[in-house]
Amino acid sequence: MASDQSFHFPPISNGMDFLNSAVGQLVDGEEDHSLKYAVLHLQAAVEILFKVRLVDEHWSLVFKNPGAADRESYERGDFESCGTDATIERLQKIVGVDVPEKARSRLKKLARYRNQLQHYGANRESAHAVKAVAAEVLDFLLVFLEDWLGPSPESEEFDKYHEILEDVRENLTSIEVLVALRLKRIERELEVVGIERVTGCLSCGCWTLVFDALEFATCRFCQRTWMNLSLLPRGESFPRRVEDALSHCTECGEPTFLLEMEEDGLYNSRGRSAEYEEPVKMRRFEVCVKCWEMIFDSGHRTPLHRGAKRSSD
């Protein structure tokens, strides 16, 4: 009878395996299950590799509450670890890793994709949206791996680590090319639409969300459609009359396009599953499709065109 094989995956090798799997799913597959595993494995890679760097700094930093960290619990792997937000914050404040706001927003969006899959499945995001977010996460992760992580040349993990890193770098180029080619095709459509009617998409983050009408806006990249909450109060399936709009522009008096914004990125609350219990703070955001200006809850107004600060960044 064959002896039982050991189940041993060093953390850094484990994270790189998940990373390699995620990139393979993104490059090779268009099926739903491919994107599902791409999201799950990429988020797993991010969590593992980020925490490997925290452990390099000090093992207690991966505990949810470092002040209550116990070495014996750590050695057993029997403890509650820190979440995505706390991990990123500790990398920034303690380790000194530079995490730009845009990268942080995409990392949080990826974590939300994963949480949605685990809670109730995901049926709202398109393959294009997932790939656009994943490409930006991978772009940041490569910089992180090159600057802040990596086994020593004497380590048995050294060769495999750098082989996977090179594969990820090459495959990321392929993903970015696909995204760029699609964006180039869409830009020709947007020239006809008029760039003043375009802003950052609330789903994929690309500068391709078009306000087609007062009732709805559609992203030309990921094909996600966003309904006007000013005409679509909770509990109603179809837009009410324009005359009954809930919000109006303070400048021209016309009905506005009302959205809701999460603290860490844009997200229309229509369609959020009641089963999904992740607490998210929301604040209102509206667009006047006559003045073509974004109106924030602070009352600040900014032009809705490429020259303005992108709402998706």
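Going by the structure above, here's the rest.
Residues numbered from 1 in each chain as written. Predicted model: local features only at pLDDT ≥ 70, side-chain atom pairs only at ≥ 80, totals over all residues. Heavy atoms only, no water.

Caption draft 1: Molecular detail of the overall build of the chain. Of the regular secondary structure elements, the chain holds 7 helices and 9 strands. Looking at the chain as a whole, 46% of its 313 residues are labelled buried. In the chain, once contacts between residues fewer than 6 apart in sequence are set aside, the share between residues at least 24 apart is 59%. Entry remark: accessible area of the chain is about 16,300 Å², with carbon and sulfur atoms responsible for 48%. (Helix = DSSP H or I, 4+ residues; strand = E, 2+ residues; numbered from the N terminus. Buried < 20%, exposed > 50% of the residue type's maximum accessible area, 1.4 Å probe, protein only. Contact = heavy atoms within 4.5 Å. Areas by Shrake-Rupley, 256 points an atom, 1.4 Å probe, with all protein chains shown as cover.)

Caption draft 2: Looking closely at the packing of aromatic side chains. Under the defined criterion, the tally for this structure stands at 7 aromatic pairs. With a centroid separation of 5.6 Å and an interplanar angle of 35°, the aromatic rings of W59 and Y74 are classed as tilted. Taken together, the residues W59 in the loop between α2 (32-57) and α3 (71-76) and Y74 in helix α3 connect sequence positions 15 residues apart. For W59, a relative accessible area of 18% gives the class buried. Taken together, a centroid distance of 4.2 Å and an interplanar angle of 15° make the contact between F63 and F79 stacked. Of this pair, F63 sits in the loop between α2 and α3 while F79 sits in the loop between α3 and α4 (84-95); the two residues are 16 residues apart in sequence, bridging distant segments of the chain. Grouping aromatic residues by their ring pairs yields a cluster made of W59, F63, Y74 and F79. (Phe/Tyr/Trp six-rings, centres within 6.5 Å; stacked < 30°, edge-to-face > 60°.)

Caption draft 3: The arrangement of the nonpolar core in detail. Judged by nonpolar contacts, the single largest core of 72 residues is most densely connected at L19 and L145. Looking at this core element by element, the count peaks at 13 residues for helix α6 (residues 127-148). Dropping the residues within four chain positions of it, L19 is found in contact with L42, A45, L49, L138, L141, L145 and V168. (Core = buried A, V, L, I, M, F, W, Y, C linked by side-chain atoms within 4.5 Å.)

Caption draft 4: Representation of the pattern of salt bridges within the structure. Applying the stated criterion across every chain yields a total of 12 salt bridges. When the shortest N-O distance is used, the salt bridge between R76 and D78 registers 3.3 Å. The closest approach of N and O atoms between D85 and K108, which form a salt bridge, is 3.8 Å. Of this pair, D85 sits in helix α4 while K108 sits in helix α5 (residues 101-119), and the two are 23 residues apart along the sequence. (Salt bridge = Lys/Arg side-chain N within 4 Å of Asp/Glu carboxyl O.)

Caption draft 5: Spatial organisation of the sheet that holds strand β1 (residues 198-199). A sheet is described by the order of its strands in space; here 4 strands give the open sequence β1-β2-β3-β4, paired in antiparallel fashion. Of all strands in the sheet, those bounded by a partner on one side alone are β1 and β4 (225-227). In terms of strand pairing, strand β3 (residues 216-219) meets β4 through 3 bridges, oriented antiparallel. Across the sheet, the residue bridging to T218 is T225, located in β4. (Pairing = 2+ DSSP bridges.)

Such coordinate-based values are descriptive only and should not be taken to indicate function.
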